[in-house]
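Remarks on the overall topology
The primary structure of each chain is shown beneath.
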Amino acid sequence: DTAVSQTPKYLVTQMGNDKSIKCEQNLGHDTMYWYKQDSKKFLKIMFSYNNKELIINETVPNRFSPKSPDKAHLNLHINSLELGDSAVYFCASSPTPPGSYEQYFGPGTRLTVT
Amino acid sequence: GDSVTQMEGPVTLSEEAFLTINCTYTATGYPSLFWYVQYPGEGLQLLLKATKADDKGSNKGFEATYRKETTSFHLEKGSVQVSDSAVYFCALKSGGGSNYKLTFGKGTLLTVNP
């Protein structure tokens, strides 16, 4: 069984379009995250949600809007896509601390903006 | 703010060679430290961790010791295999409760040749 799943795996779109990436976890975790990994593999947190509430927002442009309909899902909607948004986006989840602080990552969504 | 510095890659080794990937950190206090591994085409997964000074994390033949004197958490393996080829990320935990986040280094690509 897949623990953290993301759809789609690949997304190719043109500048100016709006797109969404979906994430689901079946681990029963309370906290979920979105990360962006650039072409040099640098990984940076974008958002975290705990029990559907926004906890961390790392100065991400307003074009990015996360939505958590329930604690098992965290979707990422991107408006007016730009070339610089091309990256691999990873969803992750973790149990509520105290705990190991281990984060479980999805397989990633490779977004290409042309 | 908190930061993690890893040795620049890529690192290319022959099978059964000794591996060291250096990692140093800058943070307030003594944060928990982690090594994550990303195999080709996959998301990150936790390799090992240490939560306090002098702790040694170990898994799959990899080891890292939390050294507060040198603010380091170097990853080592005595004999690498082709299957160890991956990108390795050092990370630290900052913040507490549900408000914590992981700060990652830039990743080190390891290629092991037969």
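The structure contained in this document is the topic of the report that follows. From a predicted model like this one, the values you see are computed outputs, not experimental measurements. (Residues numbered from 1 in each chain as written. Chains lettered and ligands numbered in written order. Predicted model: local features only at pLDDT ≥ 70, side-chain atom pairs only at ≥ 80, totals over all residues. Heavy atoms only, no water.)

A word on the overall build of chain A
For clarity, the cut-off: Helix and strand assignments follow DSSP, with helices taken as H or I runs no shorter than four residues and strands as E runs no shorter than two, numbered in order from the N terminus. Values of the radius of gyration come from C-alpha atoms, whereas the globule rule sets the reference at 2.2 Å times the count of residues to the power 0.38. When accessible area is computed with a 1.4 Å probe and restricted to protein chains, residues below 20% of their type maximum are described as buried, those above 50% as exposed, and intermediate ones as partly exposed.
Within chain A, the regular secondary structure consists of 0 helices and 11 strands. When the helices and strands of chain A are placed in sequence order, the string is β-β-β-β-β-β-β-β-β-β-β. Expected size for 114 residues packed as a compact globule is a radius of gyration near 13 Å; at 13 Å, chain A falls within 12% of this value. Projected onto its principal axes, the C-alpha coordinates of chain A cover approximately 40 × 25 × 25 Å. Looking at chain A as a whole, 46% of its 114 residues are labelled buried.

Notes on the nonpolar core
Residue and element names in this part refer to chain B. Put simply, the rule is: Put simply, buried Ala, Val, Leu, Ile, Met, Phe, Trp, Tyr and Cys residues joined by side-chain atoms within 4.5 Å make one nonpolar core. Whether two residues are in contact is decided by their heavy atoms, any of which lying within 4.5 Å being enough.
Ranked by size, the top nonpolar core spans 26 residues in total, and within it L19, W35, L47, L48, F73, L75 and Y88 carry the most contacts. Listing elements by their share of this core, those giving two or more residues are β2 (11-14), β3 (19-21), β4 (23-26), β5 (33-38), β6 (44-50), β8 (62-65), β10 (86-94) and β12 (108-113). Per-element tally for this core: the top contributor is β10, with 4 residues. Aside from chain neighbours lying at most four places away, what touches L47 is W35, Y36, V37, N59, K60, F62, L75 and Y88.

As for the side chain of T109 of chain A
Residues and elements named next belong to chain A. Worth spelling out the cut-off: The definition of a polar contact used here is a pair of N or O atoms within 3.5 Å, where within protein one atom must be able to donate a hydrogen and the other to accept one, and adjacent residues in sequence count solely through side-chain atom pairs.
Here T109 is to be found in strand β11 (residues 109-113). Looking at T109, the relative accessible area reads 0%, which means it is buried. There is a polar contact of 3.1 Å between the side chain of T109 and the side chain of Q6.

Description of the interface of chain A and chain B
When the parts come together, some accessible area is lost, and that loss is often what is quoted as the size of the interface. Our working definition: When two components associate, each loses some accessible surface as probed by a 1.4 Å sphere; the sum of these losses over both components is called the buried area. Criterion for a salt bridge: a side-chain nitrogen of Lys or Arg within 4 Å of a carboxyl oxygen of Asp or Glu.
Listed as interface residues are 24 residues of chain A and, on the opposing side, 21 residues of chain B. When chain A packs against chain B, the two sides together hide about 1,900 Å² of surface, and 59% of this comes from carbon and sulfur. Among the residues chain A hides against chain B, the three largest losses belong to L43, Y101 and F105 of chain A. Together they make up 27% of the total. Remark: the boundary between chain A and chain B carries 1 salt bridge.

Details of the state of the cysteines
Residue and element names in this part refer to chain A. Under the convention used in this document: Cysteine sulfur atoms that pair up within 2.5 Å are treated as a disulfide.
This structure, assessed with the given rule, holds 2 disulfides over all chains. With its sulfur 1.9 Å from that of its partner, C23 forms a disulfide with C91. Residues C23 and C91 are joined through a disulfide that is left-handed, its torsion about the S-S bond being -75°. Taken together, the residues span a long stretch of sequence, with C23 in strand β3 (residues 19-25) and C91 in strand β9 (residues 87-94) at a distance of 68 residues. The pair formed by C23 and C91 is uniform in burial state, with each residue classed as buried.

Overview of the side chain of S85 of chain B
Residue and element names in this part refer to chain B. Relative to the helices and strands, S85 is located in the loop between β9 (75-77) and β10. A distance of 2.9 Å separates a polar side-chain atom of S85 from the backbone oxygen of V82. With residues up to four places along the chain from it excluded, the contact list for S85 reads Y39, P40, L110, T111 and V112.

Digging into the sheet that holds β3 of chain A
Residues and elements named next belong to chain A. Under the convention used in this document: Paired strands, in this sense, are two strands between which DSSP finds at least two bridges. Axis geometry follows a simple rule: fit a line to the C-alpha atoms, using only the stretch in contact for helices, then measure angles between N-to-C directions, giving values from 0 to 180 degrees.
Here 4 strands make up an open sheet; going across it, the order is β1-β3-β8-β7 and the pairing antiparallel. The sheet is open, and its two edges are formed by β1 (4-7) and β7 (64-70), each paired on a single side. Here the average twist between neighbouring strands, direction ignored, is 20°. Alignment of β7 against strand β8 (residues 73-78), held across 5 bridges, turns out to be antiparallel. By the bridge assignment for β8, D70 is matched with H73.

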